[in-house]
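Examination of the molecular architecture
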Amino acid sequence: MKTNVKFRLLAYAIIIFTNIADSYAQNEETHSLYFYNNGNIVFMENMNDIDNIVLSDDKKQMTFLNKEGQTLFESSTTGISMNAETYQDIFSDKSKSEAWLEHTFSLLEGANREIAHVGNGTNKSSWNPFCFDDCIYYGHHDNAINSSAPAWASWSSFHTGNYDSETGQDCWKNSYKGIYQATTFINNISKCKAMSDMEILDNIGQARFVRAYFYWLLLRKYGPVPLLSNEDMAKKDGCIAVPRNTYEEVACYIASEMVKAAQEIQYEKRDAANIGRPTKGACLATRALAYIYAASPLANGQLGNGYHNTNITDDIAKNLKDKNGNSLLSMNYDESKWARAAAACKDVIETGIYELYHAPFNTSDTMEEPATIVPPADGNFSDKNWPNGWKDIDPQKSYAKVFNGDIYPQDNPELIFSRNNKMLNDINQSIEYIVLYSMPVTCGGYNSIGLTQKMIDAYYMNDGTDVPGKDSELNGSDGSDRIKGWTKRQNYKDYPPLKVNVSMQYANREPRFYASVAFSGSVWENASDPIASNRNRQIFYYCGGGDGYYTDGSDYPRTGIGMRKWYNTKDYISEQYSTNNICAKTETTIRYADILLMYAEALNEIEGSYNIKSWDGSKTYNISRDLNEIKKGIQPIRIRAGVPDYSESTYTEKDKLREKIKRERMIELMAEGKRYFDLRRWMDAPNEETQKIYGLDIMKTRNEQDAFMLVTPSSTLTSTFSDKMYFWPIPSSEFYINTELTQNPGW
């Protein structure tokens, strides 16, 4: 017979593991429940969620239940004891205080991770598909092919709104849990006499940062959310009555808190052991993100902000209201919000701390480090050394190494904020799993992450022109035909890095293309594989060829085009579906390239002139549509990428430059979890996500290679858009907790 242990639930608990016992202490002053095991903190839980602990007959298993009797989580009781402590007990102890903050940061994982593999397909609440926008797909967890996969788990379900208010909701739960944890830390850390004043101030800044960052994650995903006060969080019954704040209020709160955190945090750089903790620059960069979203059309005037096709409506803004009928999205366009965002980006630039990573020009030619492919001369960047040109750098490796694990995060001058891999609580959501699912079957991978033809067409040719036939199937072509023909043994060396029997559609493309795209006939180096025959493998995606379509499986790229961004030439798989020999990857949560492009984007939208003080009040910026300033945001990206600058007429014309910047973000930030949210803040999703998904004709064999290269609608990838997909649904359970909460339109 199971033992039912009921207890009074008073606050959030910090859980620590150490000795053997099964006693539980409770009193009115208890704030935290402790489990001990060798002195290490494993997790903390929201005590308002837990109603019962059920012990198994042998007392080796604990099951935590909510008021509905549902299992929240389970834990082994081996080597465990329970103890209850007050905040005074916790925060007077330095190690426990540090552990409290460490756990708070760990809540940035799971459904809150920004660059993530979707998950294992069984945990609905932690589902995280946001890296997989209209340009990058995952083919696994597809119920249409694998009947055991849940219906909500496929790419098509994600892109047709076929999910409910219980999907991916660890984001909401863990964000508000983290907000509580951070607030508790800020309110109590002064009790820790073992910390110096500087340590306390830095830790308060870190807690303030992560609290505001949780609000940033909520704002981006759910739109306007309630900002909770200390009094709201102190209510012991867990029930509150707090309406949703407006989008502007939440963005301004994030921005103001990030200024305070930047003043409190003592570090401009973190060492290897603390790479997942914020710096002053991380605070300023998050502030810039909040302001750029608040300036964008969805939150700022909708159809009056920028250019929009006639099929776009502002119904989402009309319908998103609180219980009193107050609009939560501003329907009046305010240009000054773009100026405010530009100034926030300039604050990051003006720190002088960050620059784009660049790899040196390389003349040697090895499997791991091939010789530099020199872009065509453009009469400008090609004649100058970095940072004014690409003459002395390797553009392809300069881009690839930001992601492939070759450089340590503390050595990457471009990295502003990142999650530390030691916080990762589910390997299925790791970037290493993105690589595992990208690598071909014949190399030991799952082979089911790939790119759409739209993404392939977005990449430029190496001279900065569009690829012939670009978007011809989407009625976006200039009338040119797609290139025909194949590389041959006698000429393939004229088209590096292509090998023999590769479509000429992939010849002479920009360096970022070769760093990111696994086209049919590309080489997977597997350079560290001890088995020589596994190295330097040319992979084709023809039907029946081992890595292409086959009738009884799901491990093939749905469009006939794979992805190699995040892959390292030294990565290999020694055991089927193992990540043991895949280099550790650093999540580029916020990087300098994003700040530069946002700076250019914001400046481009401004007609007037604005004087705005810097974040610390030490200087005043004059913000206007200054072409030289816009170029400071765009040219470093283009130079590092090895592609020519835009024409002067492009810079002059606001609408044309806006489209160029959007395309630059699409290319530069591909597979980094940005575009899904970009399309929504720009209100471009109704156009971009209703287009058919195109790829190659994956039903064709190697003997039909010309037919294989014909661009064809995908039969397995479906996308559409409705207004309810602007924002994620709020969990249905939250409406029992907060009586003033309103659901997002359409849900």
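Basis of the calculations
- Residues numbered from 1 in each chain as written.
- Predicted model: local features only at pLDDT ≥ 70, side-chain atom pairs only at ≥ 80, totals over all residues.
- Heavy atoms only, no water.
- Helix = DSSP H or I, 4+ residues; strand = E, 2+ residues; numbered from the N terminus.
- Buried < 20%, exposed > 50% of the residue type's maximum accessible area, 1.4 Å probe, protein only.
- Areas by Shrake-Rupley, 256 points an atom, 1.4 Å probe, with all protein chains shown as cover.
- Expected span 1.5 Å × (residues − 1).
- Core = buried A, V, L, I, M, F, W, Y, C linked by side-chain atoms within 4.5 Å.
- Contact = heavy atoms within 4.5 Å.
- Axes fitted to C-alpha atoms, helices over the stretch in contact; angles between N-to-C directions.
- Parallel < 35°, antiparallel > 145°, perpendicular 65-115°, else oblique.
- Left-handed = near helix turned anticlockwise from the far one by under 90°.
- Nonpolar A, V, L, I, M, F, W, Y, C, P; charged D, E, K, R; others polar.
- Polar contact = N/O pair within 3.5 Å; in protein donor to acceptor, adjacent residues only side chain to side chain.
- Phe/Tyr/Trp six-rings, centres within 6.5 Å; stacked < 30°, edge-to-face > 60°.
- Pairing = 2+ DSSP bridges.
- pLDDT = per-residue confidence, 0-100.
- Salt bridge = Lys/Arg side-chain N within 4 Å of Asp/Glu carboxyl O.

Structural notes on the overall build of the protein chain
Along its length, the protein chain carries 22 helices and 20 strands. Every one of the 747 residues in the protein chain was classed for burial, and the buried ones make up 61%. Accessible surface for the protein chain amounts to roughly 27900 Å². Of this, 46% is attributable to carbon and sulfur atoms.

Thoughts on helix H18 (residues 654–668)
If you check H18, its first and last C-alpha atoms are 21 Å apart, about what 15 residues at 1.5 Å a residue would give, namely 21 Å. Extensive coverage of H18 is indicated by the burial of 11 of its 15 residues.

Things to note about the nonpolar core
In this structure, Phe 209 and Tyr 506 are the most contacted members of the largest nonpolar core, which totals 190 residues. Ranked by the residues each element gives to this core, the list is headed by helix H5 (residues 197–222), at 14 residues. The contacts of Phe 209, once residues within four sequence positions are left out, are Phe 105, Met 258, Ala 261, Ile 265, Pro 278, Ala 282, Cys 283, Thr 286 and Phe 417.

Quick look at the packing of H5 against helix H8 (residues 280–295)
The geometry of H5 relative to H8 is characterised by a closest axis approach of 11 Å and an angle of 25° between their N-to-C directions. By the angle between their directions, the pair H5 and H8 is classed as roughly parallel. Considering only the axes of H5 and H8, their crossing is left-handed. Seen from H5, the contacting residues are Phe 209, Tyr 213, Trp 216 and Arg 220; seen from H8, they are Ala 282, Cys 283, Thr 286, Leu 289, Ala 290 and Tyr 293. Residues of the contact of H5 with H8, tallied by class, amount to eight nonpolar, one polar and one charged.

Overview of the side chain of Arg 564
As for its placement among the helices and strands, Arg 564 is situated in the loop between strand E15 (562–563) and strand E16 (590–591). Discounting residues that sit within four places of it in the chain, Arg 564 has contacts with Tyr 514, Ala 515, Ser 516, Val 517, Ala 518, Val 523, Trp 524, Glu 525 and Thr 569.

Description of the environment of Asn 568
Assignment of secondary structure puts Asn 568 in the loop between E15 and E16. Separated by 53 residues in the primary sequence, Asn 568 and Ala 515 place their C-alpha atoms 9.8 Å from one another. Side-chain polar atoms of Asn 568 contact the backbone nitrogen of Lys 570, separated by 2.9 Å.

Quick look at the packing of aromatic side chains
Scanning the model with the defined rule gives 44 aromatic pairs in all. With a centroid separation of 5.1 Å and an interplanar angle of 85°, the aromatic rings of Trp 127 and Trp 152 are classed as edge-to-face. Pair noted here: Trp 127 is in the loop between helix H2 (94–106) and strand E9 (136–138) and Trp 152 is in the loop between E9 and helix H3 (155–158), with a separation of 25 residues, a long-range link. On the accessibility criterion, Trp 152 (14% relative accessible area) is buried. Among the aromatic side chains, those forming a connected cluster through ring pairs are Phe 130, Phe 158, Tyr 163, Tyr 676, Phe 677, Trp 728 and Trp 747.

As for unusual backbone geometry
Glycine aside, negative phi is the norm for most residues, and most peptide bonds take the trans geometry. With an omega of 10°, the peptide bond running from Trp 386 to Pro 387 counts as cis. Here Pro 387 is to be found in the loop between helix H10 (336–350) and helix H11 (395–400). In this model, Asp 471 sits at a positive phi of 55°, which is unusual for a non-glycine residue. Along the chain, Asp 471 falls in the loop between helix H13 (453–458) and helix H14 (511–516). Look at Asp 471 and you get buried, because its relative accessible area is 14%. If you check the backbone angles, Ala 671 has positive phi at about 65° while not being a glycine. Mapped onto the fold, Ala 671 is located in the loop between H18 and helix H19 (675–681).

So, the side chain of Asp 571
Within the secondary structure, Asp 571 is located in the loop between E15 and E16. At a separation of 2.7 Å, a polar atom in the side chain of Asp 571 contacts the main-chain amide nitrogen of Cys 583. A distance of 2.8 Å separates a polar atom in the side chain of Asp 571 from a polar atom in the side chain of Lys 585. If near-sequence neighbours (up to four positions away) are discounted, Asp 571 is found in contact with Val 435, Met 439, Asn 526, Trp 566, Asn 581, Ile 582, Cys 583 and Lys 585.

Observations regarding the pairing of strand E18 (residues 620–623)
In E18, alternate side chains face the same way, and those of Tyr 621 and Ile 623 are buried while those of Thr 620 and Asn 622 on the opposite face are not. Across four bridges, the pairing between strand E17 (residues 610–613) and E18 is antiparallel. The residue of E18 that forms the bridge with Asn 611 is Asn 622. The turn linking E17 back onto E18 is made up of six residues, and Gly 617 within it adopts a positive phi angle of 75°.

Quick word on the packing of helix H15 (residues 592–604) against helix H16 (residues 627–641)
Their axes nearest at 8 Å, the elements H15 and H16 cross at an angle of 140°. Classified by the angle between their axes, H15 and H16 sit oblique to one another. At the point where H15 passes H16, the crossing takes the left-handed sense. Seen from H15, the contacting residues are Ala 593, Leu 596, Leu 597, Tyr 599, Ala 600, Leu 603 and Asn 604; seen from H16, they are Glu 629, Ile 630, Lys 632, Gly 633, Ile 634, Pro 636, Ile 637 and Arg 640. Looking at the contact of H15 with H16 residue by residue, the class counts come to 10 nonpolar, two polar and three charged.

Here's the deal with the confidence of the model for the protein chain
Model confidence for the protein chain is summarised by a mean pLDDT of 90, while 89% of its residues fall at 70 or above. For the stretch residues 1–46, pLDDT sits under 50, and the model shows 161 contacts to residues farther than four places along the chain or on other chains. Contacts of residues 79–83 to residues separated by more than four positions or lying in other chains number 29 contacts, the stretch itself having pLDDT below 50.

What about the pattern of salt bridges?
Counted under the stated rule, the structure contains 56 salt bridges. Across the pair Arg 482 and Asp 457 runs a salt bridge whose closest N-O atoms are separated by 2.7 Å. Pair noted here: Arg 482 is in the loop between H13 and H14 and Asp 457 is in helix H13, with a separation of 25 residues, a long-range link. In this structure, the salt-bridge partner of Arg 681 is Asp 678, at a minimum N-O distance of 2.9 Å. Here Asp 678 and Arg 681 lie together in helix H19, a separation of three residues that amounts to about one turn. Just as Arg 681 is buried, Asp 678 falls in that class too. Here the salt bridges share partners, and the residues they tie into one network are Glu 414, Glu 510, Arg 512, Lys 565, Arg 591, Arg 638, Arg 640, Glu 664, Glu 668 and Glu 672.

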